[in-house]
Structure formats: structure tokens, C-alpha cells
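Below are the chains, spelled out letter by letter.
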Amino acid sequence: MSPWWRHAVIYQVYVRSFADSDGDGIGDLAGVRSRLPYLRDLGVDALWLNPFYPSPQADAGYDVADYRDVDPRFGTLAEAEALIADAHAYGLRLIFDLVPNHTSDEHPWFRAALAAPPGSRERARYLFRDGRGSLPPNNWASAFGGRAWSQVADGQWYLHLFAPQQPDLDWTNDEVRAEFRSILRFWFDRGVDGFRIDVAHGLAKDPAMTDLGAGQATSGPAVEGHPHWDLDEVHDVYRDWRRISDGYPGDRTFVGEVWVADPARLARYLRPDELHTAFNFTFLLAPWNAKALREAIDESIRAMTAVGAPATWVLSNHDVVRHVTRYGGGATGARRARAAALLMLSLPGGAYVYQGEELGLPEVTDLPAELRQDPTFFRTQGADPGRDGCRVPLPWSGTAPPYGFGPGKAWLPQPPSWSELTVDRQTGDPASMVSLYREALRHRAALPALTEGPMTWLPTAADVLAFERAPGFFCVVNAGEHPAAPPAAVRGARLLLASDPLGSDGTLPPDTAAWYLE
Ligand code: GLC
């Protein structure tokens, strides 16, 4: 049996928006614990939790002040340990989020760096530099808008590729490397099954800190030759970490958040002695179009196979517009999202489900400015609405906000239309999104064809995707505007599941996917 992470379905829990146990309007670990039965019944294999460590929350927890504890908003260390035990008792693995590119500006190391003089050991853990006259050391930009440098009282500048409250660490520094080895061990010793590595392509920087050239952006997938994304030196860090994870029993795993444009560059992070898997943003970014999806699938599988890594598939996360909305919104977006779920969950390798996609939640696009919290919104003066719209708390039950999210008012308002989308409302309705996910995951767990083995494309019309997975499984997706008959090879097979009703003659209406078994 191959290790679990090669074909797992991993559910992303955005802790602050999942379930609130204490009524402060912010989700917490006790909330996650209370909803483990829901996740088990949904049929996922593992959970990835976004950061819950002590943090001033300048970037929703991606500004970590203490890597070995839990923020009081989210619980306690004992609560995290109880969550690990409970999840394991339910047969669910747990992946935590590791943020190695930067700390919070309230991390003791950064406070010490500010108190210490230029050239000190304390400053050497970060990237402090002298400016060019009154200008910053170079033209690097923050991924959240504005420049990537802030000046401190004595005139030096420090680098922050994200918010000023997220100073970048210097990964050539031995103390930094030793500290993260120790953090990994801290959580592995407590039974954590793996880590999602935040900004995994960002740790190494061009030592000369050359200016960004024309066409070299900070946001968006990195292209080759960039001075701070995807440098070769970053791979040493992962080789080091792999030796640590391999030293633990039970197939511990790393999944990298690696935003690079070229799947072949991505695959370099997944060589046998580096990370185990990475998010497939090529697939996520592909539009709802058979040709684009097919190319993304082929390219990904080709690149991963070359290094012996499994592919992964993802449609949404806490940083991007929810795919119901990306695929056109409204009834069309929801239909396409249903079809996309069947496509994703039958491709070879692992898959990620972002909380709420199993309910068909759309992006919330009309959040009032005064309630928004994403630094992207503020640093671009609202030109970029930011990521709050995909982070709105989950609707569980009832007909009015906060829809069972917790006893108090949720930290972001949920739209009135979500009364139709609660877990309770959808459970037991065979036509609902959550029923589709449950059914798909149940079949996936039971069918030997739906693990890691290869896929074979079947000939189809241009806007239809059809493939076979041995033994005897077929998936057909009609991404076009007209009804389509399944290819001949599928016709003798039994219909297992369809994202929407098929025609009486078995044709697939537009934006429909179906699974068949021989
Ligand atoms: C990653 C996270 C994102 C965060 C950023 C900085 O992209 O997914 O939410 O803002 O890193 O840590």
C-alpha cells in the first residue's frame, strides 16, 4: 500500500471561519474538535489547518509570534494536543501550517533585532540593509502592495515580501535553520502528520538583491530568473527537512505552497529527497474550458511523474476567489463547480477541498470596507478587494446569521442567501452539493481505480473530457455549451454518479460530469 499522502483527500480548515465554540465570533480549535464527526462523515482523509499560533493577526495568523504555542483566540496548546488525539481517533490525519519565510514583527527575535545595532547577531536573522541614500535598498515590492522595505529608527531598512508586520528571515543564517528544525520536531513529537509550507518558493533571496527587472512581478506565479522567488538554494532547506520527517514513523508529509509558473520548476521541489507534494496552482488557475483543463492535467502529471511524485488537485483556498464565482457565478458557476468536483476527485493523486466548497459557497463580493481585514485591501487602497470574500464563516444551521457558526456574531457577515446553503439544509437532500461531495468521496474510498494509478484519455469532442482509470472506471465532463453523448467506450458501463441529471438517452447536458463503472 502506498503512503496515504499519495492519494489523500485533504480538507482545508480555515480555523477562524470554521466553527466558533466560545462566542467571540472567531472560529477556534474547540470548534474544529466539535465538528470532527462532520468531517469524518464527509469522507475526507486528513485536515490541513491554517495557522492558529500566537499572532497579532496582521495577516490572519501568517504573522507568527510564537511557533510552539496556540493563540488564546484559537485555544491552548492542550487544546491542540486534544485535537490531534481526537482527529486520529476519527481516522483523520492532521497537517499544520508552517510559516518559515517570515515571522511576526512581534516575534521575540524581531523585537531583539530592533533593539540591537546594525551588524548585530540579532539583525542577522532577518534581512536588514542600508538604503540607497534616502531610498530603500532596491525596488522589490510587497505581494500585498506597496514596497517590500520598511525603515527603522536608525535608518536601516528590513525586507518584508508581505506586510511590514511580516519581516523576512535570512535563510542563510544557521540560527534560523536550527530554529525551524526544532519547530518541526516540536510538532512531529506531538503527533502531527505533516506540514503545509507557506511561501515555500520564497526562502532564498539573491544575495546581491538586484532590482526586479521588467516583467518580474512579486505577485502571481514566479518565472525563472526572479531575484527572490524560486532560487535554487531553497532546495537545501527541504532536503534538510526531509531527513527530519523521514526519521519519524507513520509517513509524515510536507506539502509546499509553491507559486511557480512552470510545472517542471514545481516538480524540482518534489524530488525524492525534498517535499512530498505541492499544491497544483496550474489546475486551480485553469479556466472552465476543456482544452485548458486537459493541458493543465497533462502538464501536471507529466512533470510530477518525472520526479516520482503524485499529482495533487485543488480548486480553491483561502487566498483565491471561490471557484463557484470564478467559473461564472450564479447557477452556471454552481453547476460547473459540481462538475469540477467530480473531475478533481477522479484524477490520479491527492486532492484538496477548501472548507465551504462542499456547500457550494460563492465568493462574498459585497463586504463593507470597514469590516475587511486583509492587508491587501488596505495596502492597495481598496484597488484589490483582497481575500476576505473567500474567508466568510461557514453556515452550519438555522435561517439567520451566524447560521450555527457559534454563539456570537461572526467576524465577517454572512449573506442572507446562505440560509439555503447551510450544512443542515443540504444534508439529506440528494441533489445538494454536500451530498455530491459525500457520494463522490464514498465511491473514491471504495474504488481501487481511484487511487494513484494512471489515467487514459478517451477520444471525444473538443469541449468534452473523458478518461478511463483501470479497472473499469470512467469520468466524462462536458464543459461545452451543447449536450454531449459519452464516448463509445463508456456506453456499456453503469452510471455511478452525475453532477446533474443526464438526458434520458444518457447524454450529458452542458457543464455536467459523470462517473461510470464497468
Ligand atoms: C501564503 C498564505 C497567505 C499569506 C502569505 C503570507 O500565500 O497562503 O494567506 O498571506 O502566504 O504568509
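The model shown is predicted, which means the values in this text are computed figures rather than measured ones. (Residues numbered from 1 in each chain as written. Predicted model: local features only at pLDDT ≥ 70, side-chain atom pairs only at ≥ 80, totals over all residues. Heavy atoms only, no water.)

A.B. asks: Explain the domain arrangement of the protein chain to me, using residue names and the numbers behind them.
C.D. replies: When the domains of the protein chain are assigned, the result is domain 1 (4–103 + 186–370 + 428–433), domain 2 (108–159) and domain 3 (454–517). For domain 1 and domain 2, the distance between their C-alpha centres works out to 29 Å. Taken over both partners, the interface formed by domain 1 and domain 2 buries close to 1,100 Å², and the fraction arising from carbon and sulfur atoms is 61%. At the junction of domain 1 with domain 2, the criterion picks out one salt bridge. The salt bridge involving Asp-211 is made with Arg-132; its shortest N-O contact spans 3.6 Å. For the pair domain 1 and domain 2, the interface holds six residue pairs in polar contact (both at pLDDT 80 or more). When grouped by side-chain class, the residues that make up the side of domain 1 that touches domain 2 number four nonpolar, five polar and four charged. (Domains from an automatic or database assignment. Buried area = accessible area lost by both parts, 1.4 Å probe. Salt bridge = Lys/Arg side-chain N within 4 Å of Asp/Glu carboxyl O. Polar contact = N/O pair within 3.5 Å; in protein donor to acceptor, adjacent residues only side chain to side chain. Nonpolar A, V, L, I, M, F, W, Y, C, P; charged D, E, K, R; others polar.)

A.B. asks: So what about the sheet that holds strand S7 (residues 194–197)? Which residues, and what values?
C.D. replies: Spatially, S9-S8-S7-S3-S2-S1-S11-S10 is the arrangement adopted by the eight strands of the open sheet, whose pairing is parallel. Across the chains shown, the open sheet's two edge strands, defined by having one partner strand only, are strand S9 (277–278) and strand S10 (312–314). Examined bridge by bridge, strand S2 (residues 46–49) and strand S3 (residues 93–98) share three bridges and lie parallel to one another. Pairing of Ala-46 across the sheet is with Arg-93, part of S3. Contacting S2 and S3, helix H3 (residues 77–89) runs over the sheet at an angle of about 145 degrees to S3. (Pairing = 2+ DSSP bridges. Helix = DSSP H or I, 4+ residues; strand = E, 2+ residues; numbered from the N terminus. Contact = heavy atoms within 4.5 Å. Axes fitted to C-alpha atoms, helices over the stretch in contact; angles between N-to-C directions.)

A.B. asks: Any chance you could break down the environment of Gly-406 for me, citing the residues and the numbers?
C.D. replies: Looking at the secondary structure, you find Gly-406 in the loop between helix H12 (375–379) and helix H13 (423–426). The exposure class assigned to Gly-406 is buried, which follows from its relative accessible area of 19%. A C-alpha to C-alpha distance of 7.8 Å links Gly-406 and Gly-27, two positions 379 residues apart in sequence. (Buried < 20%, exposed > 50% of the residue type's maximum accessible area, 1.4 Å probe, protein only.)

A.B. asks: Break down the site of the ligand for me, with residues and values.
C.D. replies: In the vicinity of the ligand, 14 residues are found, and the nearest of them are Asp-59, Arg-196, Asp-198, Glu-257 and Asp-319. Between the ligand and the protein, one listed contact pairs an oxygen atom with a side-chain N or O atom of Asp-59 at 2.6 Å. Here an oxygen atom of the ligand sits 2.7 Å away from a polar atom, N or O, in the side chain of Glu-257. Bound to the protein, the ligand loses 96% of the 300 Å² it would expose on its own. Looking at the shell around the ligand, its residues break down into four nonpolar, three polar and seven charged. (Near = heavy atom within 4 Å. Areas by Shrake-Rupley, 256 points an atom, 1.4 Å probe, with all protein chains shown as cover.)

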